[in-house]
Amino acid sequence: MDRVSAFDEPLKKLLGGATAKVMAEHLDLHTVGDLLHHYPRRYEERGRLTALTDLPLDEHVTVVAQVADARVLAFNGGRGKRLEVTLTDGHGRLQLVFFGHGVHKPHKDLLPGRRAMCAGKVSVFNRKMQLAHPTYQLLDAASDDEAGASEAVDAFAGKLLPIYPACKQLDSWRIAKAVDAVLPSAREAVDPLPEALREGRGFTSLPEALLKIHRPQTKADVAAARDRLKWDEAFVLQVALARRRFADTQLPAVARRPAPGGLLDAFDAKLPFTLTDGQLKVSKEIFDDLATEHPMHRLLQGEVGSGKTMVALRAMLAVVDCEGQAAMLAPTEVLAQQHHRSITEMMGELAEGGMLGGSEQGTKVVLLTGSMGTAARRQALLDLVTGEAGIVIGTHALIEDKVKFHDLGLVVVDEQHRFGVEQRDALRSKGKQPPHLLVMTATPIPRTVAMTVFGDLETSVLDQLPAGRSPIASHVVPAEDKPHFLTRAWERVREEVENGHQAYVVCPRIGDDEDDPGKKKGKKKTAEEEATADKRPPLAVLEIAEQLAKGPLSGLRIEVLHGRMQPDDKDDVMRRFAAGEVDVLVATTVIEVGVNVPNATAMVIMDADRFGVSQLHQLRGRVGRGSAPGLCLLVTEAHEASPARARLSAVAATLDGFELSRIDLEQRREGDVLGQAQSGVRSSLRVLSVIDDEEVIAAARQEAVTVVAADPELEHLPELRTALDALLDKDREEYLDKG
C-alpha cells in the first residue's frame, strides 16, 4: 500500500459496515485519514474526576464520576418507572435518568460508590442538569462484562484516557477502539512541512505526533503532538491563502484614479460634516488599491454605525469618475432598498445624472431587486448596459445572466457572511477584466480570524464612531426571576414613545404554524420525551405583537416586520417606521443589519439568550443612531448561573464589538470559525485555536508567504501539495477566495 492510499482507505474495510456508517453519517468521518485527524477533545487522568460544574447545555459529553445514589420512582399511577442516578465529582452533581424497560440493567450496575464513564446529551429538567438514557461503562470490574470492565480499568489506570468528540450513536470509548484499529496507518502519514522548516522549529515527525495525540504516555506527549499538529493546520491553510493572494496579483485590472474636479470632489464639497480620521485613513488605503493594475481585494470591518457606507460610496464615486461602474450587493431587499434610499439622499442632485434638475457631473443610481415590476426592471437593466447608471445597488438579482454592465469596475459586498462564493464570483465575472472588490462587515473580527477566514484579503478597520452618535445603555431583564423588571421595560418603551421616539421589539421566531416544524398534531409525547423536552418554543413576532397591543403597549401604533412578508409590504412598513408613522416595530432579525432610523431609541430583545453575541451587538446597533441616547433591554428566562446569562451580561457590559467578538469566539466550539456555517464543507481545524494561537497563525502566515513566493506551484514540495489537496479540496480552496 503506498503512503497516500493508507490514509484514503475507507473505514468500512477496517471497522465493519455498521460502525463506519455511523461515523460517516454522524461524525463526517469516511477514511482512515479522517479518523486519525479526529483528535481527542481532552484526556482523563487516574484519580481526577471530571468537573461536573461547567457542562455545556445541549452538547454530547463524556463524564467520569462516582455514583452518589440511585432510586427508582413510579409515575403515571404506577404504570411507568423511572431510574434516577446521581453522580458526583466532589464539586458538582449530575443526574442520569432511565425510563421504562431501560431501568433494569443500570439499576443493577450503577450502585452507590461505583465509578463509571457515562456519555449523553446534557439537558435541564426541573433546574437540574441531566443526561437522559446515557450509555455508560463501569470503571470497576463488577459488571456483567468482567473482561471489558477490567480492560477499561487498565486503560484508565495506566495512561491518559482520551475523550473523543462523540455523538449519541457512538460513544467516546467506542471511537477509541476504532482509533486503535487504524493507528498503525499513522506511520504512513505524508509530512506536509518542508524539512528545513520542521527541523528549524524542532518539531516532532507527523507519524509520531499522530501516535502521541491519540495514545499519549505523558502530558508532555500531548503538548508536543498538539504543537506539531497546530502548525500543520495553520501552515497548510496559510499556504492556500498565500497562493490565492499570489494568483490575484497576477490578474489584470483597470487602474481607477478619481478625476480632479469630478464626481467625488463634487460630492465631498457638499458634505454637511467632516469625515472622521478613520474614514479618511481607510479611504486612502482603498484609493491606493484602486489605482493599481491588479484587482483590489480588501475587507472593510467597521463597528456598527462607524460610517462604512460613506467610505464605500466614495470608492464607488471614484470608479464612476473613471468611466467605470460600481455594484453594491446587499443580502436582503430591505437592506438594498435602505442603501439605495440613503445613497441617493446623500448624493442629492448628483444621483440624477441625465435627468432634469440633475447635476452635469452626476450619474444615475439604480436599484435592482427580485420583486421589482417589469417596466422598472427593464429600465434598470438598460441603464446598466448603456453605462447610464454609474452605481447599482441590488440583491442577488444582480447576479442573473440577464444583467450586463457597460464597464464594471468595483464590486462592494455588504455583510459578506450572507453570501456564498458562487454568488460573489458570478457578479465579479461580469467585468470585462476582474473588477476591484471591497467586502464590508459590521461584525468585528478578531485578528486571528481575519488571518484565517479572510486571509486572502487586505484588512481595513473603522473603529471610530462619527460625531453626534449617542451612547447605548444595555441591561439584562431577568423575566423569570424578576417579572416586575419586564413590566418596567414596557413602561420604558412607552416613555420613549411619549417623548417622541420609537422602539423595536425583536423576537427569534415569526410564529405561524409553518414556522414551527416541531409541532406534530395528535402525537402524544412519551414520559421520556416529556422529561427531556427542550424548553418552550422561542417567542414569536405575531404573538408578542398581539399581546403588546392588548396589554402593556395598548394605544400605541404597533406594526410587524418579518421575512415571510411580501417585499412591497416589508418596504411599506419600513418606510412608515422611518417616517415616524409607527411607534413600535415588532420584528425578527430582518432588522439586524443596515436599517437606519435615527429616531428609534429603544430596543427590547425577547429571549435574548437565543441569539449569538455578534447578532445581539448588531441588533443593538439599530438604536442610538441619532442625537438621543439609546436603550437596549435583553429579556431572558435563563437562570443567573447559566452560561447564557453570562453571555448576555458580557453584551450589556461593553459596546466594543471587537471585545464581544472575542467572547463570542471563546464560547463557540473549535472549528466553528471555518466550519459548515461559512464554508459548507468540513472544517480543517482540529487542534488549532483561532482564539489562543495568534502567534502560531502569524508565524505560519509568514512562512507560507516565503514558501509561495519561492515556489508558487509547490513543484519542489510534493508532500505539501498532497496535504493541500487533502485538506483543501477544490470546493474549499475556492471558498477561500471568500465564501
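Everything that follows concerns the structure shown earlier in this document.
All of these numbers come straight from a predicted model, not from anything done at the bench.

(A) Region of the structure containing the overall build of the protein. Each helix and strand in the protein was counted, giving 28 helices and 21 strands. With 739 residues in all, the protein has 54% of them scored as buried. Of all intrachain contacts in the protein linking residues separated by at least 6 positions in sequence, the fraction that spans at least 24 positions is 74%. Surface summary for the protein: the accessible area is close to 32,600 Å², and the carbon and sulfur share equals 51%.

(B) Fine view of unusual backbone geometry. Residue N126 is not a glycine yet carries a positive backbone phi of 50°. Summarising the element assignment, N126 is placed in the loop between strand 5 (115-125) and strand 6 (128-132). A positive phi angle, near 55°, is found at L714, a position not held by glycine. Within the secondary structure, L714 sits in the loop between helix 26 (694-710) and helix 27 (718-727).

(C) Spotlight on the packing of aromatic side chains. Summed over all chains, the structure comprises 5 aromatic pairs. Centroid distance F203 to W231: 5.7 Å. Interplanar angle 50°. Geometry classified as tilted. Remark: W231 occurs in helix 10 (residues 219-249) and F203 occurs in the loop between helix 8 (195-200) and helix 9 (206-214); sequence separation between them is 28 residues. Taken individually, F203 and W231 each receive the classification buried, so the pair is uniform in this respect. Geometrically, the ring pair formed by Y504 and F577 is tilted, given 5.1 Å between the ring centres and 55° between the ring planes.

(D) The nonpolar core, seen in detail. Ranked by internal contacts, the top residues of the largest apolar core, which has 40 residues, are M316, M347, I391, L410 and L438. The leading source of residues in this core is helix 13 (residues 308-321), at 10 residues.

(E) Quick look at the sheet that holds strand 12 (residues 389-394). Read across the open sheet, the 7 strands follow the order 11-12-10-13-14-9-15; overall the sheet is parallel. Each edge of the sheet is formed by a strand with only one pairing partner; in this case those strands are strand 11 (364-368) and strand 15 (458-462). Sheet twist, expressed as the average angle between the axes of neighbouring strands with direction ignored, equals 20°. Direction of pairing for strand 9 (residues 297-302) relative to strand 14 (residues 436-441): parallel, over a ladder of 5 bridges.

Rules behind the numbers
- Residues numbered from 1 in each chain as written.
- Predicted model: local features only at pLDDT ≥ 70, side-chain atom pairs only at ≥ 80, totals over all residues.
- Heavy atoms only, no water.
- Helix = DSSP H or I, 4+ residues; strand = E, 2+ residues; numbered from the N terminus.
- Buried < 20%, exposed > 50% of the residue type's maximum accessible area, 1.4 Å probe, protein only.
- Contact = heavy atoms within 4.5 Å.
- Areas by Shrake-Rupley, 256 points an atom, 1.4 Å probe, with all protein chains shown as cover.
- Phe/Tyr/Trp six-rings, centres within 6.5 Å; stacked < 30°, edge-to-face > 60°.
- Core = buried A, V, L, I, M, F, W, Y, C linked by side-chain atoms within 4.5 Å.
- Pairing = 2+ DSSP bridges.
- Axes fitted to C-alpha atoms, helices over the stretch in contact; angles between N-to-C directions.

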